[in-house]
Amino acid sequence: MAASVVSIVKREGQIVEFSKDKIYNAIKAALRQTNQDQDQATSLTALVLPQIKDGMNVETIQNLVEAVLMQHGPYTTARAYFTYRDAHCRMRR
């Protein structure tokens, strides 16, 4: 059975193929930044991936990552991820 391709909508409206590696790398970076066990990135990513649907926008996906980190990850990691997102949002304005 072939895996289906999931497309997402970027902030500027561009439609691109979803990459699960981006979710994994973002979670791993947040764990690394807060000196947490980076091996958790695999299990945390596995909690996010089933929630991602074709046509979702990047903001919604980032909200899912944030929610999973708040519920299942270390609080400091969730806070670091939120702070990173907030800083980049302000830079785009």
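Residues numbered from 1 in each chain as written. Predicted model: local features only at pLDDT ≥ 70, side-chain atom pairs only at ≥ 80, totals over all residues. Heavy atoms only, no water.

It is worth spelling out the pattern of salt bridges at this point. Using the criterion set out here, one finds 4 salt bridges in the structure. In this structure, arginine 11 and glutamate 59 form a salt bridge, with 2.7 Å as the shortest nitrogen-oxygen distance. Here arginine 11, found in the loop between strand 1 (7-9) and strand 2 (15-17), pairs with glutamate 59, found in helix 3 (residues 58-72); they are 48 residues apart in sequence, far enough to count as distant. Among the ionic pairs, arginine 85 bridges to glutamate 66, the shortest N-O distance being 3.1 Å. Residue arginine 85 is found in helix 4 (residues 75-92), and its partner glutamate 66 is found in helix 3; the two are separated by 19 residues along the sequence. Taken together, the shared-partner salt bridges in this structure form one network comprising Arg11, Glu59, Glu66 and Arg85. (Salt bridge = Lys/Arg side-chain N within 4 Å of Asp/Glu carboxyl O. Helix = DSSP H or I, 4+ residues; strand = E, 2+ residues; numbered from the N terminus.)

Once that is clear, we can look at the nonpolar core. In terms of nonpolar packing, the biggest core is built from 18 residues, with Ile23, Ile27, Val48, Ile52, Ile61, Val65 and Leu69 touching the most fellow members. Looking at this core, the elements with two or more residues in it are helix 1 (20-33), helix 2 (40-48), helix 3 and helix 4. A per-element tally of this core places helix 3 first, with 5 residues. Excluding anything up to four places from it in sequence, isoleucine 23 contacts Phe18, Thr45, Val48, Ile52, Ile61 and Val65. (Core = buried A, V, L, I, M, F, W, Y, C linked by side-chain atoms within 4.5 Å. Buried < 20%, exposed > 50% of the residue type's maximum accessible area, 1.4 Å probe, protein only. Contact = heavy atoms within 4.5 Å.)

So, about the layout of surface pockets. The space that makes up the largest pocket amounts to roughly 740 Å³. Those elements that place two or more of their residues in the lining of the largest pocket are strand 2, helix 1, helix 3 and helix 4. Among the elements that take part in the lining of the largest pocket, helix 4 stands out by supplying 9 residues, more than any other. Of the residues belonging to the lining of the largest pocket, the class tally is 15 nonpolar, 4 polar and 10 charged. (1 Å grid on protein atoms, 1.4 Å probe; cavity = no way out; pocket = protein on both sides within 12 Å on 5 of 7 lines; lining within 4 Å. Points joined across faces, edges and corners; volume = space filled by probe spheres on them. Nonpolar A, V, L, I, M, F, W, Y, C, P; charged D, E, K, R; others polar.)

Take glycine 73: it is sitting in the loop between helix 3 and helix 4. Put simply, glycine 73 and isoleucine 27 are 46 residues apart on the chain and 9.6 Å apart in space, counted from C-alpha to C-alpha. What glycine 73 contacts, discounting residues up to four positions off in sequence, is Leu44 and Val68.

Glancing now at unusual backbone geometry. A positive phi angle, close to 55 degrees, is found at asparagine 35, a residue other than glycine. Looking at the secondary structure, you find asparagine 35 in the loop between helix 1 and helix 2. You can call asparagine 35 exposed: its relative accessible area is 73%.

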